[in-house]
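Reading the structure
This is what each chain is made of:
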Amino acid sequence: MTTKPINPTDTTQPATPCSPLKAPPPPDRTFGMRFTSTPRGARLARRLAAVRLDAWGIPYGTDPHDAIVLIVAELAANAVSHGHVPGRDFHLRLHATPDGRTVRVEVTDTRTERHPRRPALAESAAGVEETGRGLLLVSQLATRWDWHPRPDGPGKTVWAEYEQVRAALREWNGYDPGVREQAAPNAELDRRIGEARGRTA
């Protein structure tokens, strides 16, 4: 008895399914945390923002890093000084777009009766009160900023965006964040965040 050889061109043979390779999704570059509405909470927010930006490839000592950290510091200080409600925290959220070009800073407090001036008014009336001076600095550092009522409760969110991060980093000594790891390993990032917290104790 003979067996019929398998025809290599036989289309009845089951084919191995082949799925096209997909590029991995860009890492989520969002950081959010609540902080006590105290000067210590504001300092911790600034330090943790600095650590996170460095982990995202916006290193210490570069113009974008310094500007964004200063924006965080000003908005956090305003939340503590002018948005403070006893027993309530403020919330910081940082988000970098997947292409790394824009970083958005949002600081939310729970005070409803005091609102910052809108950007045009803040620039024309700066120096009248502390919030005006702080927001004037933010307006000089950020591409745009504004505020809106907090959607999930009492209070407001003040936000600012810093654009052209990559272009500024390339200008800074030819540095390109595309050649660096997109995020530090979790263990290393956790260690650095722990160190930053310890320095504020």
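Not measured: the values here are computed from a predicted model. (Residues numbered from 1 in each chain as written. Predicted model: local features only at pLDDT ≥ 70, side-chain atom pairs only at ≥ 80, totals over all residues. Heavy atoms only, no water.)

What follows is about the pattern of salt bridges. What the rule picks out here adds up to seven salt bridges. Between Arg93 and Glu106 there is a salt bridge; the shortest N-O distance is 3.7 Å. Of this pair, Arg93 sits in strand 2 (residues 90–96) while Glu106 sits in strand 3 (residues 103–109), placing them 13 residues apart in sequence. Arg93 gets classed as partly exposed once you look at its relative accessible area, which sits at 28%. Glu161 is paired through a salt bridge with Arg104; the nearest N and O atoms lie 2.8 Å apart. (Salt bridge = Lys/Arg side-chain N within 4 Å of Asp/Glu carboxyl O. Helix = DSSP H or I, 4+ residues; strand = E, 2+ residues; numbered from the N terminus. Buried < 20%, exposed > 50% of the residue type's maximum accessible area, 1.4 Å probe, protein only.)

Within a regular beta strand, the side chains point alternately toward one face of the sheet and then the other, so they alternate between its two faces. Taken across its seven residues, strand 5 (residues 156–162) has seven buried, putting it largely inside the fold. By the alternation rule, side chains of strand 5 split into Lys156, Val158, Ala160 and Tyr162 and Thr157, Trp159 and Glu161, which are all buried. Examined bridge by bridge, strand 3 and strand 5 share seven bridges and lie antiparallel to one another. In the sheet register, Glu106 faces strand 5, and the bridge partner there is Trp159. Between the end of strand 4 (residues 144–149) and the start of strand 5, which pair antiparallel, lie six residues, with Gly155 showing a positive phi angle near 120°. (Pairing = 2+ DSSP bridges.)

With antiparallel pairing, the five strands of this open sheet are ordered in space as 1-2-3-5-4. Edge positions in the sheet fall to strand 1 (30–35) and strand 4, since each has one partner strand and no second. Looking at each pair of strands side by side, their axes are set apart by 15° on average, direction ignored. Alignment of strand 4 against strand 5, held across six bridges, turns out to be antiparallel. (Axes fitted to C-alpha atoms, helices over the stretch in contact; angles between N-to-C directions.)

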